[in-house]
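Descriptive structure summary
Listed below are the residues making up each chain.
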Amino acid sequence: MTSAAPLPLCSVCARQSAGEGGKDSIRVAAEEASFECALCFGILHPSFIDEVSKAAEAHLASCPYDATSFILALNLPTSQTLREQIIKKRFPSFNGILADIPFKVRNINAYLNKLQQASGLRPTLMSDLQLTITFENDDFLETDTEFLRRAFPHEFRSGKKRRQNGEENGNGEPELTKNRLQNMLGRVDEKLASTFPVEKAPSRPCKFSFAFERDPVYIAGRYCKYSRSLPQSPWSAEEDTPLIPGHSVSEKVTGPMAKLLGSTETRFVASGREDIDVRMLGEGRPFVVHLINCRNTQTLRPDRRVETLSALREAINKSSVDVAVSELALLSREVAEQLSMGQEDKKKLYTAYCYSTLPIDNAVLKAATRTQPLEIIQKTPVRVMKRRALLDRPRSIYTLETMPVDEHHFLVRMETQAGTYIKEFVHGDFGRTRPSLADLIGCEKGEVDIVELDVERVDLVWPPVDTRKKDEKKK
Ligand SMILES: [Zn+2]
């Protein structure tokens, strides 16, 4: 069945799709008005491909990547995808040279060569750099949605899940999303296609936009912190301390990495955190930095990686006397994600320098360590009540050692379960931690508190051994 009005096609689609078999059903749009093509909306026309490629070249020149290849992804207008199916059903006589090739494939093929020339990057199916080009045309959005709503009312039923997925417009009506369209396309048959006003041409060329995105880079390591006035991250600074830009472990570690790799964003993930006034000593605390959309990753190629990571370590360690990193390693995403797992199993070793208002007898100090491991219950500490849920948490103190310094001062060394609030374990937090060290040394009438606290060890093999070995072999 053919419509009375001819189907407007650009010269490319007339040749590739319609061919001889379609010549009586179409009208070929003028070269300068190739956007009037009802099939490709002008996207396939050489002049438009040129325009897009030039814009991609300019875009890439303003923010270059040191990549050698890229993957191309195209976001085509939903109206265009719908028309491809309608035209296939409506004009079975079309026999152009590429009539059987899906439109998306024709598009990719048409763009790859030009984009390769423009960008100097090799198109491939395996690259860490993805270029997404989004084409937009909303001429038919309303009429297409209305057409499909009438044909497939069930697909447009409003639902809680759809609202959550943001698939509804402001009126509470479901939008025509790509996924929803795919569900319906297969059910567009000859009969339905014959009722679609496919001979209407777009009124203007498509708008287009680019997004280059590189796979994130993950660099793991361990950090030590030698300051008692440095927060782990800007937002972990306590409320009464002023926020100083750059004054945090995360910024001191991520800064030189972001600079070298040209990432647009970084995320610092550590295995737990110490308070601002607590030092992190020993082999340091495990961390991993997510570096998003890096411009330069060539320095992390296997043959240069060891050298680069060691230069990074030096740069970080030189830039601050308060922070030192070690064991830097490049990880895959899968391995990087392991850091957040099994938090509860990690043991931590602390040394606390304590003060007691009452003089303390050596024998009492010794007696306090009699029960090991020691099981305690901690209610959410007063000092974090505002930001944490109220819970009763059982925790284990695996080992406990005490050492007198003078009548009022002593050292405590303890190995604890992850998540134990150490300060509260020592002073008791107004009876919210039971038993506390203050309870154990019978300090009812006086007070015990921590003067200085250090984390000596965080028990976790990190970075995972196999990644380190691999790098050593490459050395
Ligand atoms: Zn066309």
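Read on for a plain summary of the structure. A quick note: this is a predicted structure, and the numbers were derived from the prediction, not measured.

Time to look at the overall build of the chain. In terms of helices and strands, the chain carries 15 helices and 16 strands. The C-alpha radius of gyration computed for the chain amounts to 33 Å, which surpasses the reference 23 Å derived for 475 residues by more than 25%, pointing to a less compact arrangement than a globule. By its C-alpha atoms, the chain is 105 × 50 × 40 Å across when sized along the principal axes. Classification of the 475 residues of the chain by burial places 47% in the buried group. Taking the intrachain contacts of the chain between residues at least 6 apart in sequence as the baseline, contacts between residues at least 24 apart amount to 77%. With 67 positive and 66 negative side-chain charges, the chain shows a separation of 3 Å between the mean positions of the two kinds.

Relative to the assigned elements, D429 resides in the loop between α13 (422–427) and β15 (433–434). On the accessibility criterion, D429 (3% relative accessible area) is buried. One polar contact links the side chain of D429 to the main-chain amide nitrogen of V382, over a distance of 3.3 Å. The residues touching D429, leaving out its near neighbours within four places in the chain, are T380, P381, V382 and E424.

Following both chains from N to C, one finds helix α3 (residues 78–90) and helix α5 (residues 141–151) inclined at 50°, their axes separated by 10 Å at the closest point. Compared by their axis directions, α3 and α5 come out oblique. Crossing handedness for the pair α3 and α5: left-handed. For the pair α3 and α5, the contacting residues are T78, S79, L82, R83 and I86 in the first and L141, D144, F147 and L148 in the second. Looking at the contact of α3 with α5, its residues break down into five nonpolar, two polar and two charged.

Here strand β9 (residues 278–292) pairs with strand β16 (residues 448–458) via three bridges, running parallel. When the sheet's bridge partners are listed, M280 is paired in β16 with V455.

Along the chain, the position of D454 falls in strand β16. Side-chain polar atoms of D454 contact the side chain of R228, separated by 2.8 Å. Here R279 takes part through its side chain, which lies 2.8 Å from a polar atom of the side chain of D454. In contact with D454, other than residues within four places in its own chain, are R228, V278, R279, L281, L349, Y350 and T351.

The end-to-end C-alpha distance of helix α2 (residues 46–62) is 24 Å, a good match for the 24 Å that 17 residues give at a rise of 1.5 Å each. Taken together, the buried positions of α2 are occupied by F48, I49, V52, S53, A56 and L60. Here the buried residues of α2 occupy an arc of 130° about the axis, which is enough to place them on one side. Of the exposed residues in α2, those oriented more than 90 degrees away from the buried face are K54, A61 and S62.

Quick look at the packing of α3 against helix α7 (residues 178–185) now. The geometry of α3 relative to α7 is characterised by a closest axis approach of 11 Å and an angle of 10° between their N-to-C directions. By the angle between their axes, α3 is roughly parallel relative to α7. Residue-level inspection shows T78, T81, L82 and Q85 of α3 in contact with α7, the latter providing K178, L181, Q182 and L185. Residue composition of the contact of α3 with α7, by class: three nonpolar, four polar and one charged.

On to the environment of A38. One can find A38 in the loop between β2 (26–28) and α2. Given the relative accessible area of 0%, A38 is considered buried. For the pair formed by A38 and C13, sequence separation is 25 residues and the distance between their alpha carbons is 9.3 Å.

Attention shifts here to the nonpolar core. Soluble globular proteins tend to pack their nonpolar side chains together in the buried interior. Among the nonpolar cores identified, the biggest contains 57 residues, and L7, L9, L72, Y111, I133, F135 and L148 are the most heavily contacted of them. For this core, the element with the most residues is α2, which contributes five residues. Not counting chain neighbours up to four residues away, the residues in contact with I133 comprise V52, L72, A73, L74, N75, L115, F208, S209 and F210. The next biggest cluster of nonpolar side chains, apart from the first, holds 48 residues, and it includes Y223, V249, F287 and I450.

Rules and cut-offs
- Residues numbered from 1 in each chain as written.
- Predicted model: local features only at pLDDT ≥ 70, side-chain atom pairs only at ≥ 80, totals over all residues.
- Heavy atoms only, no water.
- Helix = DSSP H or I, 4+ residues; strand = E, 2+ residues; numbered from the N terminus.
- Rg over C-alpha atoms; globule rule 2.2 N^0.38 Å.
- Buried < 20%, exposed > 50% of the residue type's maximum accessible area, 1.4 Å probe, protein only.
- Contact = heavy atoms within 4.5 Å.
- Lys, Arg positive; Asp, Glu negative; His and termini not counted.
- Charge placed at Lys NZ, Arg CZ, Asp CG, Glu CD.
- Polar contact = N/O pair within 3.5 Å; in protein donor to acceptor, adjacent residues only side chain to side chain.
- Axes fitted to C-alpha atoms, helices over the stretch in contact; angles between N-to-C directions.
- Parallel < 35°, antiparallel > 145°, perpendicular 65-115°, else oblique.
- Left-handed = near helix turned anticlockwise from the far one by under 90°.
- Nonpolar A, V, L, I, M, F, W, Y, C, P; charged D, E, K, R; others polar.
- Pairing = 2+ DSSP bridges.
- Expected span 1.5 Å × (residues − 1).
- Arc of directions from axis to C-beta.
- Core = buried A, V, L, I, M, F, W, Y, C linked by side-chain atoms within 4.5 Å.

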